[in-house]
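# Observations on the model geometry
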Amino acid sequence: MRQKPRSSVSFSGQTVEGLKEGGKLQTRMFRQTMKITIIIFDLGNTVLTNDWHVPQHRLEKAFVEYFNISMENMENAWHKCWPRFSLGKMTEEEFWQDFLRQAGAENIGILQARKIWSSHQKPIESMLDLLVKLKQNYKLAALTTISREWLDYKIQKFELNKYFDVIVSSGYSGFGKDNPRIYDLIIDKLGVNPENCLLIDDSEAVIELAHKKNIQTILFTGQRNLETKLEKMGVKF
């Protein structure tokens, strides 16, 4: 079956979302003509639920209840352990052991911790359906802050390779999205100019860094809002 050719979206002197100034997300004018051929998605809180801090703190409350720990101790333990885990500097087993110990858990139940965590991982709204539509016209990629083991789990559970041609993660690259090198890495893997890429992420800090690399961006605040912005930019789906 012959594949449908990829579409591109051209812009000349139009504005796309961008720089944060004075506490507000401003628009930034790109002077040159740009063709969007690749759309890069964040995963957590954009396509899928976050690894932590899910809506209504359901995940955190499940840990508090099962392991008999306080929310404060659990949050402190998370912030101490997550940076190393997300950069691939410790295994999942090491993470759960360290996390539960620092949170003051009565038992270090790694299997139960994994079960609680995995049960709260779900797609955001109908974002996977939107990816299917976008993939008919554009090459898709993912840029995500996540550990190696958790990314492998999500790739399998949600069949992410069906949607994304390239996936770059902090766990496998060793770079967080606060490091400019991760943007160079995904651009190199995609083999395109940054001006031809559109990055969709829920973090204003990431949006700022992407702009410094001349990547077009949309700040994700929900699927309906995203689709409205894509339509205004002439993105086909």
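This text gives an overview of the structure that appears in the document. Worth saying up front: this structure is predicted, and the values here are computed from it rather than measured.

### Focus on the overall build of the protein
From N to C terminus, the protein includes 10 helices and nine strands. Out of the 237 residues belonging to the protein, those deemed buried represent 49%. Considering only contacts in the protein between residues 6 or more positions apart, those separated by 24 or more positions represent 65%. Here the protein displays about 11900 Å² of accessible surface, and carbon together with sulfur accounts for 45% of that area.

### Here we look at unusual backbone geometry
The backbone phi angle of His53 is positive, close to 55°, even though this residue is not glycine. Residue placement: His53 occurs in the loop between strand E5 (38-41) and helix H1 (58-67). The phi dihedral of Asn68 falls on the positive side, at around 55°, and the residue is not glycine. Tracing the backbone shows Asn68 in the loop between H1 and helix H2 (71-86).

### A short note on the environment of Glu92
Inspection of the secondary structure assignment puts Glu92 in helix H3 (residues 92-103). Residue Glu92 is classed as buried on the basis of its relative accessible area, which comes to 12%. As for Glu92 and Trp150, which are separated by 58 residues in sequence, their C-alpha atoms are 8.2 Å apart. Ignoring any residue separated from it by four or fewer positions in sequence, one finds Glu92 in contact with Phe85, Arg114, Glu149 and Trp150.

### Here's the deal with the packing of H1 against H2
The interhelical angle for the contact between H1 and H2, taken along N-to-C directions, is 115°, at an axis separation of 10 Å. It follows from the interaxial angle that H1 and H2 lie roughly perpendicular. Crossing handedness for the pair H1 and H2: right-handed. Taken together, the residues of H2 that come into contact with H1 (itself represented by Glu60, Lys61, Phe63 and Val64) are Met71, Met74 and Glu75. Of the residues contributing to the contact of H1 with H2, the split by class is four nonpolar, no polar and three charged.

### Some details on helix H8 (residues 181-190)
Of the residues making up H8, those classed as buried are Ile182, Tyr183, Ile186, Ile187 and Leu190. Along the long axis of H8, the arc covered by the buried residues comes to 135°, so they all point the same way. Pointing more than 90 degrees away from the buried face of H8 are the exposed residues Arg181 and Asp188. Those residues of H8 that are buried are in contact with E5, strand E6 (139-144), strand E7 (166-169), helix H7 (170-173), strand E8 (197-201) and helix H9 (204-212). A positive backbone phi angle near 70° is found at Gly191, which sits one or two residues after H8.

Conventions and cut-offs
- Residues numbered from 1 in each chain as written.
- Predicted model: local features only at pLDDT ≥ 70, side-chain atom pairs only at ≥ 80, totals over all residues.
- Heavy atoms only, no water.
- Helix = DSSP H or I, 4+ residues; strand = E, 2+ residues; numbered from the N terminus.
- Buried < 20%, exposed > 50% of the residue type's maximum accessible area, 1.4 Å probe, protein only.
- Contact = heavy atoms within 4.5 Å.
- Areas by Shrake-Rupley, 256 points an atom, 1.4 Å probe, with all protein chains shown as cover.
- Axes fitted to C-alpha atoms, helices over the stretch in contact; angles between N-to-C directions.
- Parallel < 35°, antiparallel > 145°, perpendicular 65-115°, else oblique.
- Left-handed = near helix turned anticlockwise from the far one by under 90°.
- Nonpolar A, V, L, I, M, F, W, Y, C, P; charged D, E, K, R; others polar.
- Arc of directions from axis to C-beta.

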